[in-house]
Amino acid sequence: MHRRFLAIAVVASTYLFVSAASLSFSGLSLPAVECFVEAATGLEAVYVLPSTEGVTITFDGASSSARWSCFSNLGGAYAEEIGTGVSVQSRHGDMGYLIEDRGRQTCFWIVDYSAHELSMESLVPSEELDCSRAVLNFKGSAADIVYYSITGRRFVLSREMELTWQTLQFDDENFSYANASGRETIDGITETVSAPAPLCNTTFILSGDRFLKAWNMEQSIESPLVNAYAVDANTRATQTPRDADNELKDENEGLGGSAPVEILFEAAVSDAAIFREWQISRDPEFNILENSFNDLEFSYTFTEQGTTYVRFNANNNDGTCPWEGPVYEVFVGESKLDIPNAFSPEASPGVNDEWKVSYKSLVRFECHIFNKWGKELFHTTDPAKGWDGKVGNKYVPSGVYYYVIKAEGADGVRYNKAGDINIIKYTPGSNQGSSSGAESEAE
């Protein structure tokens, strides 16, 4: 007999979901709850009944010659015949049912809910804190509801209880944390239930299960207030751009480049983040700190060649949930200074009509330009600025002028430069021309 029903089990999986086969029940005080399950179970569906006592099961559409068998956790290979016809009396407790009718086999599992009744007494936060999960001690009865496939494989039918709470969620657009609701579906509970640790003070509410909800008998229980202890944070770094056309750029795609490098560092933190610190170090392990800041937001200018490391740390009041952010690497390149010796203002607008140095990573700069009599015509401390060949609003005449530059690079290199500048002016019909009035004023 065992071999015959093993064959039936194999055929049942072959015909699974071919038709919309279903069961109906009489003798129930509350309606049966139908649960659809994985195809791998070989079952058409699982039905949860408030009780199987005195219930008649009818296979909808069955013929009078339909043959019924039932099986336990051992699977269909150990099924036992229990009757023929359209209907049979249910067996007590959880049981699998296999119906063979007109060459087709269909399998179901029936759960007796009275053997798995939900009861909720208390939900209390555990004294042992986990920085990632909130653990709640549950008192009551909400164990897994187990059913078995036609081959005797164990499955769990979820009670679909709901655990809800309040927390915080990071808002990228506003770069801040906002109130949010947390929710998790709980299949079953033995002693504890857990959820992501809340980021704000909250209570946890456990409600269910889905069967009681279907029967309008849903239960609910609320925990005492849980004070936020878990820490979360988000950080970002934004470099201030410079668009000087005479500043040489590094190919580095990350933060940094030509000094001075100005970067705005920002952090957003959850409620429990009482300790907050930005750390700046030349050591990637942060064993020695160059500087530290307790503000969530600060701007910092990097003027030293090489790589500097920046990170944000946060922790709760008693230091039990540390949060360490990503490390930002800021690379400042070596310095460079190239000085042109000629330019041609007025000759071709937009082309070589301004005298500018070409530079990179200069943290100090001072430039003076003189005429041949030693009169200063131009002065700047910004290497991005150039001389347009004018004094006042008039161009100086063509000829030789002189510059003196003192500068210092982010790499410590000192520049003391002096030399001549040739102003070349070409006008139509002549090699060069000048304005005597401009020359007189320049001198």
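Just so it is clear, the model here is predicted, and its values are computed rather than measured.

(A) Representation of the environment of leucine 157 in the model. Assignment of secondary structure puts leucine 157 in strand S13 (residues 154–157). The exposure class of leucine 157 is buried, given its relative accessible area of 4%. Sequence spacing of leucine 157 and tyrosine 147 is 10 residues, and the spatial spacing of their C-alpha atoms is 6.9 Å. With near-sequence residues (within four places) excluded, leucine 157 lies in contact with Cys35, Val46, Val48, Val111, Ile145, Tyr147, Asp187, Arg210 and Phe211.

(B) Structural view of the nonpolar core. In this structure, Leu163 and Leu206 are the most contacted members of the largest nonpolar core, which totals 76 residues. For this core, the element with the most residues is strand S21 (residues 261–269), which contributes six residues. Leave out the neighbours within four places in its chain, and leucine 206 touches Met120, Leu123, Phe138, Met161, Glu162, Leu163, Ile186, Ile189, Gln219, Ser220 and Ile221. Residues Trp387, Val391, Tyr415 and Ile423 belong to the second largest nonpolar core, which totals 22 residues.

(C) Examining the state of the cysteines more closely. The full count for this structure, using the stated rule, is one disulfide. Between the sulfur of cysteine 131 and that of cysteine 321 lies a disulfide, 2.1 Å long from S to S. Between cysteine 131 and cysteine 321 the disulfide shows an S-S torsion of about -90 degrees. By sign, it is left-handed. Here cysteine 131 is found in the loop between strand S10 (119–125) and strand S11 (133–141), whereas its partner cysteine 321 is found in the loop between strand S25 (306–315) and strand S26 (323–324), with 190 residues between them in sequence. When its relative accessible area of 3% is taken as the criterion, cysteine 321 is described as buried.

(D) View of the pattern of salt bridges. All chains considered together, the criterion is met by 17 salt bridges. Residue arginine 102 is joined to aspartate 101 by a salt bridge in which the shortest nitrogen-to-oxygen separation is 3.1 Å. Looking at arginine 102, the relative accessible area reads 63%, which means it is exposed. With a relative accessible area of 8%, aspartate 101 lands in the buried category. Linking glutamate 247 and arginine 242 is a salt bridge whose minimum nitrogen-to-oxygen distance equals 2.7 Å. A single salt-bridge network, built from bridges that share partners, covers Arg67, Glu81 and Glu100.

(E) How the structure looks around the sheet that holds strand S1 (residues 23–26). Pairing is antiparallel across the open sheet formed by three strands, whose spatial order is S1-S4-S7. Of all the strands in the sheet, the pair left with one neighbour each is S1 and strand S7 (87–89). Across the sheet, the axes of successive neighbouring strands diverge by a mean angle of 25 degrees, strand direction being ignored. Sheet analysis places S1 next to strand S4 (residues 56–59), joined by four bridges and oriented antiparallel. Residue pairing for S4: serine 26 is matched across the bridge by threonine 56.

Conventions we followed
- Residues numbered from 1 in each chain as written.
- Predicted model: local features only at pLDDT ≥ 70, side-chain atom pairs only at ≥ 80, totals over all residues.
- Heavy atoms only, no water.
- Helix = DSSP H or I, 4+ residues; strand = E, 2+ residues; numbered from the N terminus.
- Buried < 20%, exposed > 50% of the residue type's maximum accessible area, 1.4 Å probe, protein only.
- Contact = heavy atoms within 4.5 Å.
- Core = buried A, V, L, I, M, F, W, Y, C linked by side-chain atoms within 4.5 Å.
- Disulfide = S-S within 2.5 Å.
- Salt bridge = Lys/Arg side-chain N within 4 Å of Asp/Glu carboxyl O.
- Pairing = 2+ DSSP bridges.
- Axes fitted to C-alpha atoms, helices over the stretch in contact; angles between N-to-C directions.

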